[in-house]
Amino acid sequence: MDRQPLFDAFWSGDSEKLSRIISRILLNSISYHDYKEDFYHAVLAGIFVGSGYVVSSNSESGLGRADIIIRDTRNSQAAVIEVKHANSMGELASLTDAALNQINEKKYDVPLLGNYETVIHWGMAFFQKRCLAKFETVSSL
């Protein structure tokens, strides 16, 4: 699978495209037995591992533990991802907002600020084989 379109959508903040790509990956790969937050978390981390990025999972950051931190040292950019599991399609939008709020409230990006030109936040919510991603950018250097 060519992951470059996913990476391009991820770093450019194209929420709609990223949501479609991740949903397509889930549709073609997971079982209904896999509908748990930690599973979605692992799928996301696995997508970035081995692609030239530094990936941290559940590491202490700021005032808590960020789900996933991705560092792209070649391009001086970093991302914080917070993952949520929804119980219905109707919860997806509110959970992406909750995920972004959690990143900000818990200050998960503190170790990244001042060390990367660009720092971005992703709130991602999952319901079964569907993903909704929401993006915000943070000024850094």
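Everything here concerns the structure above.
To start, this report covers the structure provided alongside it. (Residues numbered from 1 in each chain as written. Predicted model: local features only at pLDDT ≥ 70, side-chain atom pairs only at ≥ 80, totals over all residues. Heavy atoms only, no water.)

**So, the overall build of the protein chain**
Here is step 1: Along the backbone of the protein chain there are four helices and five strands.
Here is step 2: For the protein chain, the sequential pattern of α-helices and β-strands runs α-α-α-β-β-β-α-β-β.
Here is step 3: The C-alpha atoms of the protein chain give 14 Å as radius of gyration, which agrees with the globular expectation for 141 residues (14 Å, within 12%).
Here is step 4: Projected onto its principal axes, the C-alpha coordinates of the protein chain cover approximately 40 × 30 × 25 Å.
Here is step 5: Burial analysis of the protein chain (141 residues in total) assigns 45% to the buried set.
Here is step 6: Long-range contacts, defined here as pairs at least 24 residues apart, represent 60% of the contacts in the protein chain between residues at least 6 apart.
Here is step 7: With an accessible surface of roughly 7100 Å², the protein chain has 48% of that area assigned to carbon and sulfur atoms. (Helix = DSSP H or I, 4+ residues; strand = E, 2+ residues; numbered from the N terminus. Rg over C-alpha atoms; globule rule 2.2 N^0.38 Å. Buried < 20%, exposed > 50% of the residue type's maximum accessible area, 1.4 Å probe, protein only. Contact = heavy atoms within 4.5 Å. Areas by Shrake-Rupley, 256 points an atom, 1.4 Å probe, with all protein chains shown as cover.)

**Considering helix α2 (residues 15–29)**
Here is step 1: Between the first and last C-alpha of α2 there are 21 Å, a value that for 15 residues agrees with the 21 Å anticipated at 1.5 Å per step.
Here is step 2: The complete set of buried residues in α2 reads Leu-18, Ser-19, Ile-21, Ile-22, Ser-23, Ile-25 and Leu-26.
Here is step 3: Turning to α2, the residues buried within the fold contact α1 (4–12), α3 (37–48), β4 (118–127) and β5 (130–139). (Expected span 1.5 Å × (residues − 1).)

**As for the nonpolar core**
Here is step 1: In terms of nonpolar packing, the biggest core is built from 28 residues, with Phe-10 and Met-124 touching the most fellow members.
Here is step 2: Elements that contribute at least two residues to this core include exactly α1, α2, α3, β2 (64–72), β3 (77–85), β4 and β5.
Here is step 3: Phe-10 has contacts with Leu-18, Phe-48, Ile-70, Ala-79, Ile-81, Ile-120, Trp-122 and Met-124, leaving out every residue within four places of it along the chain.
Here is step 4: If you look at the next biggest cluster of nonpolar residues, it comprises eleven residues, including Ala-78, Val-80, Tyr-108 and Val-119. (Core = buried A, V, L, I, M, F, W, Y, C linked by side-chain atoms within 4.5 Å.)

**Comments concerning the environment of Ser-23**
Here is step 1: Structurally, Ser-23 can be placed in helix α2.
Here is step 2: According to the relative accessible area criterion, Ser-23 is buried, its value standing at 14%.
Here is step 3: The spacing of Ser-23 and Gly-13 is ten residues in sequence and 16 Å in space, taken between C-alpha atoms.
Here is step 4: In terms of polar contacts, Ser-23 uses its side chain to reach the backbone carbonyl oxygen of Ser-19, at 2.8 Å. (Polar contact = N/O pair within 3.5 Å; in protein donor to acceptor, adjacent residues only side chain to side chain.)

**Overview of the pattern of salt bridges**
Here is step 1: Applying the stated criterion across every chain yields a total of three salt bridges.
Here is step 2: The shortest N-O distance in the salt bridge between Asp-72 and Arg-74 comes to 3.9 Å.
Here is step 3: The exposure class of Asp-72 is buried, given its relative accessible area of 2%. (Salt bridge = Lys/Arg side-chain N within 4 Å of Asp/Glu carboxyl O.)

**Brief notes about the sheet that holds β2**
Here is step 1: Here we have five strands laid out as an open sheet, ordered β1-β2-β3-β4-β5, and mixed in their pairing. With one partner strand each, in any of the chains shown, β1 (54–61) and β5 form the two edges of the open sheet. Shown here is a sheet whose adjacent strand axes are inclined to one another by a mean of 25°, direction ignored.
Here is step 2: Bridge count between β2 and β3: five bridges; the pairing is antiparallel. Looking across to β3, one finds that Arg-71 is bridged to Ala-78.
Here is step 3: Contacts from α2 reach β4 and β5 within the one sheet, and its direction differs from that of β5 by about 145°.
Here is step 4: Packing against the sheet, helix α4 (residues 92–105) makes contact with β3, β4 and β5, and its axis sits at approximately 145° to β4. (Pairing = 2+ DSSP bridges. Axes fitted to C-alpha atoms, helices over the stretch in contact; angles between N-to-C directions.)

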